[in-house]
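# Descriptive analysis of the structure
If you want the building blocks of each chain, they are given just below.
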Amino acid sequence: MRTSPNRLLATVFGAVYLLVGLLGFAVTGGVSFIATEGNLLLGLFAVNPLHNVAHLLIGAALLIAGLSNVAAAKSVNTVVGAVYLLLGIVGFFLVGTALNILALNTADHFLHLASAIVLLGVGLAADKSVSTRNAHA
C-alpha cells in the first residue's frame, strides 16, 4: 500500500468518510431522513441522515478499494472524484430547493470540490502503469 498513492489515498479517505458518516448521526437526531436543511457537523458542514448514509457508503467503497488492490483503488478514486466534482458544482444550485435532499450547504460544496480535485488528481495521474480494467494489480 505504501507504494501506491491510489491505495493510500483511498484507504485514508475511506476511513475519514466512514468516521464523518458516523459522527454525523451524533448531530442529526430529530432531523428527518431527507430534510433539505440539516444540523451542522463540526459547526460548519450541514448533514442529514441521508447525507450520513452517503458518507458511510462512499467511505466503505474507498476503504475496501484501498485495502484491495491498485486497480480497484484507482477506479474508485476516479469515480468518487468525478461524482464529487459533479455534486460540488450542482450543489450550489440545489440549496434552497426541494431537491437538496442531502441538506448541502456552501461549506459542503467546497469540501466536495476539494475532495474531487484530490481523488480525481490521484486517480487519473498516479499509478499510470496500472489499468483500471486490470483487477490483478
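On a predicted model such as this, the values are computed, not experimentally measured, just so you know.

A few words on helix α2 (residues 49–68). In this model α2 runs 28 Å from its N-terminal to its C-terminal C-alpha over 20 residues, within 8% of the 28 Å that 1.5 Å per residue would give. Looking only at α2, the buried set comprises Pro49, His51, Asn52, His55, Gly59, Leu62, Ala65 and Gly66. For α2, the secondary structure elements touched by its buried residues are α1 (5–27), β2 (45–47), α3 (70–94) and α4 (106–125). Two or three places before Leu50, at the opening of α2, Asn48 has a side-chain oxygen 3.1 Å from that residue's backbone nitrogen.

This part is about the packing of aromatic side chains. If you walk through the whole model with that rule in mind, you get three aromatic pairs. With a centroid separation of 6.3 Å and an interplanar angle of 50°, the aromatic rings of Phe13 and Tyr17 are classed as tilted. With Phe13 and Tyr17 both in helix α1, this residue pair falls four residues apart, about one helical turn. Take Tyr17: its relative accessible area is 6%, and that puts it in the buried class.

Attention shifts here to the packing of α1 against α3. Running from amino to carboxyl end, α1 crosses α3 at an angle of 55°, the nearest separation of the two axes being 8 Å. Between α1 and α3, the interaxial angle falls into the category oblique. For the pair α1 and α3, the crossing hand works out as left-handed. Contact residues: Asn6, Arg7, Leu9, Ala10 and Tyr17 in α1; Val70, Ala73, Lys74, Asn77 and Tyr84 in α3. Its residues assigned to classes, the contact of α1 with α3 shows six nonpolar, two polar and two charged.

Criteria and cut-off values
Residues numbered from 1 in each chain as written. Predicted model: local features only at pLDDT ≥ 70, side-chain atom pairs only at ≥ 80, totals over all residues. Heavy atoms only, no water. Helix = DSSP H or I, 4+ residues; strand = E, 2+ residues; numbered from the N terminus. Expected span 1.5 Å × (residues − 1). Buried < 20%, exposed > 50% of the residue type's maximum accessible area, 1.4 Å probe, protein only. Contact = heavy atoms within 4.5 Å. Polar contact = N/O pair within 3.5 Å; in protein donor to acceptor, adjacent residues only side chain to side chain. Phe/Tyr/Trp six-rings, centres within 6.5 Å; stacked < 30°, edge-to-face > 60°. Axes fitted to C-alpha atoms, helices over the stretch in contact; angles between N-to-C directions. Parallel < 35°, antiparallel > 145°, perpendicular 65-115°, else oblique. Left-handed = near helix turned anticlockwise from the far one by under 90°. Nonpolar A, V, L, I, M, F, W, Y, C, P; charged D, E, K, R; others polar.

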